[in-house]
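The residues making up each chain are set out below.
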Amino acid sequence: MSVWSRDERERAYTNLCDAVTAAGEDKESLFLARLCLLLMEELGDAEKFEAILAQAQLQSGKGLSRSASE
Amino acid sequence: MPNDRDQRLAPMTNLQQYYIEQFLLDAVAKRDPNLLEVRWGTRVDGLHQGRDGVVVELATDTVSYATECDFLVACDGARSRVRQAVGLRMNGTSYEGRYVIVDIEIDLDLPTERLAWFDPPSNPGRTMLMHKQPDNIWRLDYQLHPTEDSEEMIREDKVTPVVAAHLEMMGIDRPWRLIWTSMYRAAAVSLDSYRSDRVVFAGDAAHLVPIFGVRGLNSGFDDAFNLGWKLASVIAGCSPDTILDTYSEERRRAWEVNVTSAMKSTEFMAPPSRGYELMRDAVLSLAKDHPAIATLIDPRQSAPIAYEGSRLNTVTRDEGSFKTGPRPGSPPLECPLIVDGKKRYLTSVLGSDFTLVWSGEGDAPSMVTNELHCAINLGLSVILLTIGAARLLSGTAGQLQTLHAEVVEGRFTELYDAAPSAVYLFRPDGHVCARWRIMRPGDLSNAIDTALGCGKAELS
């Protein structure tokens, strides 16, 4: 399903890490929310989006509790 | 780490430094003491480079003296006194993240693998690593909090509660003993050149890489493999001393590749900023159900690095016909073989000189043996290894050093793209320097000349 090459994924990931740091701790949620909206529009597939939304939800034992409480 | 049926060594084969030192001393003891001698308790106080050699000032606690040498190889570690005496500095990046390294002796029945905990309940906020070493020794690495003092945190009274809490979390209730502790900070620094006239730098004296991925001593060994045969070739008069510059070029590039991988591991193990930490936690929470995202956790263990583009390589007219297999400059691909009815592996069969491997249908053409005789008449050492159906024509061997191996389940043919025929030339350090489908007169001598740094390719 994934079309990323390993190198591309790693580069994109590093850019994402740097962008989160650059946003600053007080603005990182806003930054990530904007990123999600843009990716949602790019995805353009309601069914897929619902499935991804469910996967990203933090259930007990799945997501990191620390991230969930922050 | 490669872990398939083609491999000679199991992954996580782990030797402590004190074993390696003893093996090296055992090897020294087998050599002519007039040629190889260990002088304990001796330090370097200074050196002078002349046109024909190096004068090194040495001192013990009681005596000071000078000694001369043609070449000096500085393997004197991260705080190299030789490097300071020559006045060189390493450049690069140092990271803030610090790790405590602890060896404990404990009898555990856990499998041989490396375990990593991010933010474990036993030690919140720390990343912890644990792996097995020989003799019931287990190595733990754990991250220090930014506010903790390095000197204080490696003291026994500070280390013991961290280890005890961790063993308790793992449900381990057995006696253990603290063996050794140290502190580590990731650094990616290197000299610009590993050669300064007749002084050559190797190992930590030349470069440092972050600890994650076992690239420290391993890249030092790769330095030694690369430098050893080149130095021998210069001293024997087979190579100009400019071949030592290719040691620096090849190994400095290898350091750059190593650092790129090691920095990715470091960013994951000791996140340098908030973004890396938050994203790392997100990756960990999704990794179990998403294999593609899990690839971002790859610890990128050390692997031999290809010397692509090295001026010692020969790119032959046949290169384009190979779709796979190791390209010129690549390290050998491990491959099982049968020699004299016993299972062996290619890396243990390759000689300490050049090795020409011929594989194909029927007998090796006389061109191959003619080429070998030419090379040997020029004083070049080369071993011929024939693989599979290939045999030497009877009576053509003469003074050639030859070896024959049978393929195992067609693995050589597949790994080396060797059908219908292939000829590979390996350097003394095992790296491929040329390959052909069919050899022509002059091919072998030209490729060896190039690999010895005296070929035509060097002029371009």
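Only a predicted model underlies this, so the values are computations on that prediction, with no experimental measurement involved.

### What about the overall build of chain A?
Working step 1: Across its full length, chain A carries 4 helices and 0 strands.
Working step 2: In chain A, the order of α-helices and β-strands from amino to carboxyl end is α-α-α-α.
Working step 3: Within the span of chain A, comprising 70 residues, buried residues form 13% of the whole.
Working step 4: Of the roughly 5,700 Å² of accessible surface on chain A, a fraction of 57% belongs to carbon and sulfur atoms.

### Thoughts on the overall build of chain B
Working step 1: Of the regular secondary structure elements, chain B holds 12 helices and 19 strands.
Working step 2: Relative to its length of 460 residues, chain B is compact, with a C-alpha radius of gyration of 25 Å against a globular reference of 23 Å.
Working step 3: Counting over 460 residues, chain B shows a buried share of 46%.
Working step 4: For chain B, restricting intrachain contacts to residue pairs at least 6 apart in sequence, the fraction spanning at least 24 positions comes to 66%.
Working step 5: Entry remark: accessible area of chain B is about 22,800 Å², with carbon and sulfur atoms responsible for 52%.
Working step 6: Within chain B, the 62 negative side-chain charges are centred at a point lying 3 Å from the centre of the 47 positive side-chain charges.

### Some details on the nonpolar core
All names here are of chain B.
Working step 1: If you look at the biggest cluster of nonpolar residues, it comprises 54 residues, and the most contacted ones within it are Phe354, Leu356, Leu425 and Ile448.
Working step 2: Take this core: its biggest share by element is 5 residues, from helix α6 (residues 243–269).
Working step 3: Counting contributing residues, this core receives three or more from each of domain 1 (42–89 + 191–263) and domain 3 (319–459).
Working step 4: Those residues in contact with Leu425, other than ones at most four positions away along the chain, are Phe354, Thr355, Leu356, His431, Val432, Cys433, Ala434, Trp436, Leu444, Ala447 and Ile448.

### A look at the interface of chain B and chain A
Working step 1: Taken together, the 22 residues of chain B in the interface contact 21 residues of chain A.
Working step 2: Together chain B and chain A conceal approximately 2,000 Å² of surface at their shared face, both sides included; 55% is due to carbon and sulfur atoms.
Working step 3: When the buried surface of chain B facing chain A is broken down by residue, Arg274(B), Tyr276(B) and Met279(B) rank first, second and third, together holding 28% of it.
Working step 4: Here chain B is connected to chain A by 2 salt bridges.
Working step 5: We note a salt bridge from Glu10(A) to Lys264(B), for which the minimum N-O separation is 3.3 Å.
Working step 6: Remark: the boundary between chain B and chain A carries 9 residue pairs in polar contact (both at pLDDT 80 or more).
Working step 7: Mapped onto the side of chain B that touches chain A, the elements with two or more residues apiece are α6 and α7 (274–287) of chain B.
Working step 8: Of the residues forming the side of chain B that touches chain A, the biggest block, 11 residues, is contributed by α7(B).
Working step 9: Taken together, the residues of the side of chain B that touches chain A break down into 8 nonpolar, 5 polar and 9 charged.

### Some remarks on the packing of aromatic side chains
Residues and elements named next belong to chain B.
Working step 1: Scanning the model with the defined rule gives 11 aromatic pairs over all chains in all.
Working step 2: Taking 5.8 Å as the distance between ring centres and 65° as the angle between the ring planes, the aromatic pair formed by Phe322 and Tyr424 counts as edge-to-face. With Phe322 in the loop between α8 (291–294) and β13 (336–339) and Tyr424 in strand β18 (residues 421–426), the pair connects residues that are 102 residues apart, well separated along the chain. In terms of burial, Phe322 and Tyr424 fall into one category: buried.

### A short note on the packing of helix α1 (residues 6–23) of chain A against helix α2 (residues 28–43) of chain A
Residue and element names in this part refer to chain A.
Working step 1: Two numbers describe how α1 lies on α2: the axes approach to 8 Å, and their chain directions differ by 135°. The pairing of α1 with α2 is recorded here as oblique in orientation. For α1 against α2, the interelement crossing comes out right-handed. Contacts between α1 and α2 pair Leu16, Ala19, Val20 and Ala23 from the former with Glu28, Phe31, Leu32 and Leu35 from the latter.

### Regarding the domain arrangement of chain B
All names here are of chain B.
Working step 1: Split into domains, chain B comes out as domain 1 (42–89 + 191–263), domain 2 (92–187) and domain 3 (319–459).
Working step 2: Computed over C-alpha atoms only, the centres of domain 1 and domain 2 are separated by 32 Å.
Working step 3: Across the domain 1/domain 2 interface, buried area totals approximately 640 Å², and carbon plus sulfur atoms make up 72% of it.
Working step 4: Of all residues in domain 1, the largest losses of buried area upon contact with domain 2 belong to Ile211, Phe212 and Met263, amounting jointly to 63% of the total for that side.
Working step 5: The interface formed by domain 1 and domain 2 includes 0 residue pairs in polar contact (both at pLDDT 80 or more).

### Brief notes about the sheet that holds strand β15 (residues 354–360) of chain B
Residues and elements named next belong to chain B.
Working step 1: Pairing in this open sheet of 7 strands is mixed, and the strands run β14-β13-β17-β16-β15-β18-β19 from one edge to the other. Each edge of the open sheet carries a strand with a single partner, namely β14 (342–345) and β19 (432–436). Pairs of neighbouring strands in the sheet enclose a mean axial angle of 30°, with direction left out of account.
Working step 2: Two strands pair when backbone bridges link them, and β13 and strand β17 (residues 401–407) are joined in this way by 2 bridges, in the antiparallel orientation. The residue bridging Ile338 from the neighbouring strand is Glu406, located in β17.

### Describing a nonpolar patch on the surface
Working step 1: Taken together, the side chains of Leu25(B), Val38(B) and Trp40(B) present a nonpolar region at the surface, about 310 Å² in accessible area.
Working step 2: Turning to its location among the elements, Val38(B) is positioned in the loop between α1 (17–29) and β1 (43–49).

### Observations regarding the environment of Tyr247(B)
All names here are of chain B.
Working step 1: Residue placement: Tyr247 occurs in helix α6.
Working step 2: For Tyr247, a relative accessible area of 0% gives the class buried.
Working step 3: It is 9.8 Å that separates the C-alpha atoms of Tyr247 and Ala202, two residues lying 45 residues apart in sequence.

### Looking at the pairing of strand β8 (residues 137–143) of chain B
Residue and element names in this part refer to chain B.
Working step 1: Here β8 lies mainly inside the structure; 7 of its 7 residues are buried.
Working step 2: Across 7 bridges, the pairing between strand β5 (residues 91–105) and β8 is antiparallel. Opposite Val102, over in β8, you have Leu140 as the bridge partner.
Working step 3: Two elements, strand β7 (residues 127–133) and β8, share 6 bridges in a ladder whose sense is antiparallel.

### Remarks on unusual backbone geometry
Residues and elements named next belong to chain B.
Working step 1: The omega torsion of the bond from Ala419 to Pro420 falls at 0°, within 30 degrees of zero and hence cis.
Working step 2: Relative to the helices and strands, Pro420 resides in the loop between α11 (411–415) and β18.
Working step 3: Positive phi values are uncommon outside glycine, yet Asp119 reaches one of about 55°.
Working step 4: Structurally, Asp119 is set in the loop between β6 (115–118) and β7.
Working step 5: Here the phi dihedral of Asp340 falls at roughly 50°; this positive angle occurs in a residue that is not glycine.
Working step 6: Position of Asp340 relative to the elements: it lies in the loop between β13 and β14.

Reading the values: rules and limits
- Residues numbered from 1 in each chain as written.
- Chains lettered and ligands numbered in written order.
- Predicted model: local features only at pLDDT ≥ 70, side-chain atom pairs only at ≥ 80, totals over all residues.
- Heavy atoms only, no water.
- Helix = DSSP H or I, 4+ residues; strand = E, 2+ residues; numbered from the N terminus.
- Buried < 20%, exposed > 50% of the residue type's maximum accessible area, 1.4 Å probe, protein only.
- Areas by Shrake-Rupley, 256 points an atom, 1.4 Å probe, with all protein chains shown as cover.
- Rg over C-alpha atoms; globule rule 2.2 N^0.38 Å.
- Contact = heavy atoms within 4.5 Å.
- Lys, Arg positive; Asp, Glu negative; His and termini not counted.
- Charge placed at Lys NZ, Arg CZ, Asp CG, Glu CD.
- Core = buried A, V, L, I, M, F, W, Y, C linked by side-chain atoms within 4.5 Å.
- Domains from an automatic or database assignment.
- Buried area = accessible area lost by both parts, 1.4 Å probe.
- Salt bridge = Lys/Arg side-chain N within 4 Å of Asp/Glu carboxyl O.
- Polar contact = N/O pair within 3.5 Å; in protein donor to acceptor, adjacent residues only side chain to side chain.
- Nonpolar A, V, L, I, M, F, W, Y, C, P; charged D, E, K, R; others polar.
- Phe/Tyr/Trp six-rings, centres within 6.5 Å; stacked < 30°, edge-to-face > 60°.
- Axes fitted to C-alpha atoms, helices over the stretch in contact; angles between N-to-C directions.
- Parallel < 35°, antiparallel > 145°, perpendicular 65-115°, else oblique.
- Left-handed = near helix turned anticlockwise from the far one by under 90°.
- Pairing = 2+ DSSP bridges.
- Patch = residues over 30% accessible without salt bridge, like charges linked within 9 Å, V, L, I, M, F, W, Y side chains within 5 Å.

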